[in-house]
Amino acid sequence: AAGEQWLLAGYLALKSAPPPVRIFLNMYSFIFPVKDVGSLTRYDDTAVITDWQKKLTLEQFYITREKGTELPFTGIYLNNRDPGMYHCVCCNAPLFREEIQFQQGWASFSEAFGACGTDENNTNILRCPDTSLGSTSMEVICKRCDAHLGHVFDDGPRSSGQRFCINSVSLIFKPSLD
Ligand SMILES: [Zn+2]
């Protein structure tokens, strides 16, 4: 109320100021533009990161959002043999379904849920070339939320020839009810 009246008075005073003052003010606002804080719908990286930090544990955040890797043979799903579905810990997308049957230090799968042969269009994973491990390898991320899941190698023991090494931290297992 009172503040608004002062703002209005100031605005009117500036509007009626002599031209040199107005030119100076225009230049000032050009050099120091007022930050646009009104567009809340605009994509904001910082907001997204803060959101994940609130939603995830420190370890989950480190693995899935900062591309960390859990220590070998420490994953909680390493020895899981129950039938069920492994979901993305960040967005709940179903990622892998089969029982894990070969040990590689990390939870290992021979294909993503929804894969049809080599066609992964109907899966919830994406592959991205990754050179951080020395030689080029394939990073596996969640198609829905970009979570880092692990890596995939083409020396798998099953017919698919694929070996997905996935951090247990980035997964949530939901056992089949039947
Ligand atoms: Zn996800």
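Basis of the calculations
Residues numbered from 1 in each chain as written. Predicted model: local features only at pLDDT ≥ 70, side-chain atom pairs only at ≥ 80, totals over all residues. UniProt positions renumbered as here; feature names shortened; annotations may be inferred. Core = buried A, V, L, I, M, F, W, Y, C linked by C-beta atoms within 7 Å. Buried ≥ 20, exposed ≤ 12 C-beta atoms within 10 Å, placed from the backbone. Helix = DSSP H or I, 4+ residues; strand = E, 2+ residues; numbered from the N terminus. Contact = placed C-beta atoms within 7 Å. Arc of directions from axis to C-beta. pLDDT = per-residue confidence, 0-100.

Under an unreviewed UniProt entry, the protein chain has the name Peptide-methionine (R)-S-oxide reductase and belongs to Chrysemys picta bellii. Comment text from UniProt for the protein chain, heading Function (unreviewed entry), reads "Methionine-sulfoxide reductase that specifically reduces methionine (R)-sulfoxide back to methionine. While in many cases methionine oxidation is the result of random oxidation following oxidative stress, methionine oxidation is also a post-translational modification that takes place on specific residues." Looking at the Sequence similarities (unreviewed entry) heading of the UniProt record, one finds this comment for the protein chain: "Belongs to the MsrB Met sulfoxide reductase family."

Caption draft 1: Main features of the nonpolar core. By size, the foremost hydrophobic cluster in this structure holds 24 residues, and its most contacted members are Leu95, Cys142, Leu149 and Ile166. Contributing elements (two or more residues each) for this core: strand S1 (84-88), strand S2 (94-96), strand S3 (107-109), strand S5 (137-142), strand S6 (148-153) and strand S7 (163-166). In this structure cysteine 142 touches Cys88, Cys90, Cys91, Ala93, Leu95, Asn124, Ile125, Ala147 and Leu149, once residues within four positions along its chain are discounted.

Caption draft 2: Examining helix H4 (residues 58-65) more closely. All of the buried residues in H4 are Gln60, Ile63, Thr64 and Arg65. For H4, the arc enclosing every buried residue in end-on projection is 160°, short of the 170-degree limit, so these residues lie on one face. Once H4 finishes, lysine 67 follows within two positions and takes phi at roughly 55°, a positive value.

Caption draft 3: How the structure looks around the environment of alanine 93. Along the polypeptide, alanine 93 turns up in the loop between S1 and S2. Distance from alanine 93 to cysteine 145, taken between C-alpha atoms, is 8.8 Å for residues 52 residues apart in sequence. Setting aside anything within four residues of it in sequence, one finds alanine 93 in contact with His87, Cys88, Asn124, Cys142 and Arg144.

Caption draft 4: Examining the confidence of the model for the protein chain more closely. For the protein chain, the mean per-residue pLDDT works out to 82, and 70% of the residues sit at or above 70. Of all secondary-structure elements in the protein chain, the lowest mean pLDDT belongs to helix H2 (residues 19-31), at 57, while S2 reaches the highest, 97. Contacts for the low-pLDDT stretch residues 34-42, under 50 throughout, to residues beyond four places or in other chains number one contact.

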